[in-house]
Each structure stands twice: as structure tokens, then as C-alpha cells.
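# Residue-level structure breakdown
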Amino acid sequence: MKYLYFLALAFCFSACSLFSGKKKCFDYCYVNGKGLYAVAYGKEPTRIFVNGSDPRLSPDGRQIAYTDVGARDGQRRVGVFDLEAGKVTIYDTACHNCYGPVWSPDGQYLVYNAWTGKRWGIKYTDRDNQHPVVLAAPTDSLMGFSSPTWSADGKKIVVQDMAAVYIYDLNGRVLQTVPFQQLDSSLSFSSATTFVLNKREDKLVYWAGMEDKSRNGEPPTAVFVHDLGLGKSVRISPKGYECWQPVLKGDTVFCNGKHAGSPKENIYRMDLDGGHFALAYKNKTDVSFASR
């Protein structure tokens, strides 16, 4: 599986017993076979019970945004779980079906995939859940837009439409376009493929499927870095591993991954040039950190 979703029972523990007294801040969260966990360095993991997927820890380590699947009509929604209060807030995202919320680096905004009625677009809203804004409307895209990520300075959002990568400012203006043909014509992409700008904004980190087939018939995936100046992509995850969903913490790339042909998924880390590849968290996926 290229994605490990968590689906836990409704919130069923006492907020007073877990979150009373001193304010709780966590350093990272992850998913494993038992559910979603938040971790403060030097302490035991705390299991978080929410009904959804795509967890993202806020930069201040006090909230987790996620895709809520608990609506009676079956539509996906953006939920935010307050780790101190033990309370879920369902955001008014101005769409009936939305998923994949991602925090801005300063924690003031959430960007997400939003169904427009015909195709997928991209919206973002403020942390106070008051002002949803359309960033990328799918009027000029047959496939619609998906998989938003933030630049490190929080002033840009990167999206794709299965034809190209687009770097937007927060006013909805396209600053740069990178057609998929410039990346590598032998690679295969999906609407879930993410592209992440590094801090210097001269490289895009992304994952894609390759031409050869894995044992389950799907194309094996790898992590690549595209140099925006040179217009060239280089694979940075090593052969013998399948890797996907990269995230950046500083100049370190973290990603989901596994040995080729193995069912066990882990989180690996590497440098932007592919150096120092190593196991970061065993039997865990979907890591997100309190700050980049």
C-alpha cells in the first residue's frame, strides 16, 4: 500500500486526565498499525483517537489537522484536533467534500483539496476557521488541482494538475510552472503526488512511480529532486527501496518507504542529495513535525 490510513474509534478518553495542567506540546506525530500517535521528545507516545486520515501536526505542536470521515453523508471534511483540550473542530471549508489539510509554516492557515462540483480545486482558510479562500480553481485544468504543499516562508503554495507543477502566491497568482515533461518522461504520477519546495526554493522534492513493475503489479515509487535552475531531476532514494510522500524538516527529507517486495513500511530519512539514507522510525508512516 502506498498510503496507510488510520481509522480509529470516536474520541473516547478523558481530556482532563491527558491534557490538564501545563500546556501540552508535541514534537511529531505518526501512524502505525494501531493508530495515530503524538510524541514529545523524551516521553512515551500518546495515542490520539480521531475518525479520519492524513494527520498533520501543527507547527506549535498543539493541534492535529486531518481528513475527517465521520460525516453522516459520507463526505470528507477538514477536522482539527486540539491536543490540549481533547476536542475536535470541523472546519467550515466552503465545500462539501475536501481532504488533505496542510498547515502553513507559521500555523496560521490550512490549505486543502476542495471539490468544486465538477473537479478538484485548492482552497486555504485561516486558523480561526473564518475566511476560506480559493487559491486554484480548475477552470483551465481538465484534471483539477491536488496535493498542495507550502513553501518554507509560508508565502507560496505548490500544487499540481497531472500535467504540471504550479507555484502560487497567496493571491492566486502563478509564479512558476514546471510541466511534467521537464521532470522525467519515464515517470508516472498520480493526483496524490506531492511536490515540496526546499528552503532556498531552487529545488522541488517529489515522488513518482517508475516504469518497471513491483510484485503487486504497481509501479515501484522513488523520491526525486528537481533542480529548478538546471531543469533536471535526480533520484535520491536508493535502489532496493520503494519510497513515497516526502516531507522536509530543514534540509532533511523524510519519507514513507519499505524494502522492495516487503510489506513492512517505515519512515526513512536522507539528505537532499540522497546522502546519509537511514531508517528514522521503524514500523511507522505519515510523519509530520511541529516545525520545519
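The rules we used
Residues numbered from 1 in each chain as written. Predicted model: local features only at pLDDT ≥ 70, side-chain atom pairs only at ≥ 80, totals over all residues. Heavy atoms only, no water. Helix = DSSP H or I, 4+ residues; strand = E, 2+ residues; numbered from the N terminus. Buried < 20%, exposed > 50% of the residue type's maximum accessible area, 1.4 Å probe, protein only. Lys, Arg positive; Asp, Glu negative; His and termini not counted. Salt bridge = Lys/Arg side-chain N within 4 Å of Asp/Glu carboxyl O. Polar contact = N/O pair within 3.5 Å; in protein donor to acceptor, adjacent residues only side chain to side chain. Contact = heavy atoms within 4.5 Å. Pairing = 2+ DSSP bridges. Axes fitted to C-alpha atoms, helices over the stretch in contact; angles between N-to-C directions. Core = buried A, V, L, I, M, F, W, Y, C linked by side-chain atoms within 4.5 Å. Patch = residues over 30% accessible without salt bridge, like charges linked within 9 Å, V, L, I, M, F, W, Y side chains within 5 Å. Areas by Shrake-Rupley, 256 points an atom, 1.4 Å probe, with all protein chains shown as cover. Phe/Tyr/Trp six-rings, centres within 6.5 Å; stacked < 30°, edge-to-face > 60°. Lys NZ or Arg CZ within 6 Å of the ring centre and 35° of its normal. pLDDT = per-residue confidence, 0-100.

### Observations regarding the side chain of Asp126
Structurally, Asp126 is set in strand β10 (residues 120-126). An unpaired buried charge is present at Asp126: no salt bridge exists, and Arg127, the closest side chain of opposite charge, is 9.1 Å distant. In this structure the side chain of Asp126 is engaged in a polar contact, spanning 3.2 Å, whose partner is the backbone nitrogen of Gln130. Setting aside anything within four residues of it in sequence, one finds Asp126 in contact with Tyr91, Gln108, Tyr109 and His131.

### Details of the sheet that holds strand β1 (residues 28-32)
Strand order in the open sheet made by the four strands is β3-β2-β1-β24, with antiparallel pairing throughout. Each end of this open sheet is capped by a strand with a single partner; those strands are β3 (46-48) and β24 (285-289). Looking at each pair of strands side by side, their axes are set apart by 25° on average, direction ignored. Strand direction decides the pairing type here: β1 and strand β2 (residues 35-39), joined by five bridges, are antiparallel. Note on β2: the bridge partner recorded for Asn32 is Gly35.

### Some words on the pairing of strand β7 (residues 87-90)
Bridging between strand β6 (residues 77-82) and β7 involves four bridges; their strand directions are antiparallel. Bridged to Phe81 within β7 is Val88. Once β6 ends, the chain turns through four residues before running back antiparallel as β7, passing Gly86 with a positive phi of about 65°.

### Let's talk about the nonpolar core
Among the nonpolar cores identified, the biggest contains 17 residues, and Phe189, Phe195, Leu204 and Tyr206 are the most heavily contacted of them. Elements with a minimum of two residues in this core: β14 (164-169), β16 (195-197), β17 (203-209) and β18 (221-227). The element best represented in this core is β17, accounting for three residues. In this structure Tyr206 touches Leu183, Leu187, Phe189, Thr194, Phe195, Ala222, Val223, Phe224, Val225, His226, Ser233 and Pro246, once residues within four positions along its chain are discounted.

### Overview of a nonpolar patch on the surface
On the surface, Leu142, Met143 and Met162 cluster together into a nonpolar patch covering about 350 Å² of accessible area. With respect to the helices and strands, Met162 occurs in the loop between β13 (156-160) and β14. Of the residues examined, Met162 reaches a relative accessible area of 32% and is grouped as partly exposed.

### Focus on the packing of aromatic side chains
What the rule picks out here adds up to 21 aromatic pairs. Members of the aromatic cluster, each reached through a chain of ring pairs, are Tyr28, Tyr30, Tyr37, Tyr41, Phe254, Tyr281 and Phe289. Between Lys284 and the ring centre of Tyr30, over which it is positioned, the NZ or CZ distance is 5.0 Å.

### Concerning the pairing of strand β11 (residues 133-136)
With three bridges connecting them, β10 and β11 associate as antiparallel partners. If you follow Tyr124 over to β11, its bridge partner there is Val133. If you look at the hairpin formed by β10 and β11, you'll find six residues sitting between the two strands, and Asn129 has a positive phi there, around 65°.

### Some points on the sheet that holds strand β19 (residues 232-235)
Judged by pairing direction, the sheet is antiparallel, and its four strands sit side by side in the order β16-β17-β18-β19 without closing on themselves. On the outer flanks of this sheet lie β16 and β19, each paired with one strand and no other. Strand-to-strand twist across the sheet, computed as the mean angle between neighbouring axes with direction ignored, equals 25°. Examined bridge by bridge, β16 and β17 share three bridges and lie antiparallel to one another. Bridge pairing in β17 places Phe195 opposite Tyr206.

### Examining the environment of Gln245
With respect to the helices and strands, Gln245 occurs in strand β20 (residues 241-249). Remark: the alpha-carbon pair of Gln245 and Thr194, spanning 51 residues in sequence, is separated by 6.7 Å. Only 2.6 Å separates the side chain of Gln245 from the side chain of Asn256, close enough to count as a polar contact.

### Notes on the pattern of salt bridges
Any two side chains of opposite charge can pair if their charged atoms end up close together. According to the stated counting rule, one finds eight salt bridges in the structure shown. A salt bridge links Glu201 to Lys156; the nearest nitrogen and oxygen atoms lie 3.1 Å apart. Taken together, the positions of Glu201 in the loop between β16 and β17 and Lys156 in strand β13 put the pair 45 residues apart, joining distant regions of the chain. Connected through shared salt-bridge partners, Arg200, Asp202, Lys203 and Asp227 make up one network.

### A closer look at the confidence of the model for the chain
Chain-level statistics for the chain give a pLDDT mean of 90 and a share of 89% at 70 or above. With pLDDT under 50 throughout, residues 1-21 is counted as low confidence; its partners more than four residues away or in other chains account for 55 contacts.

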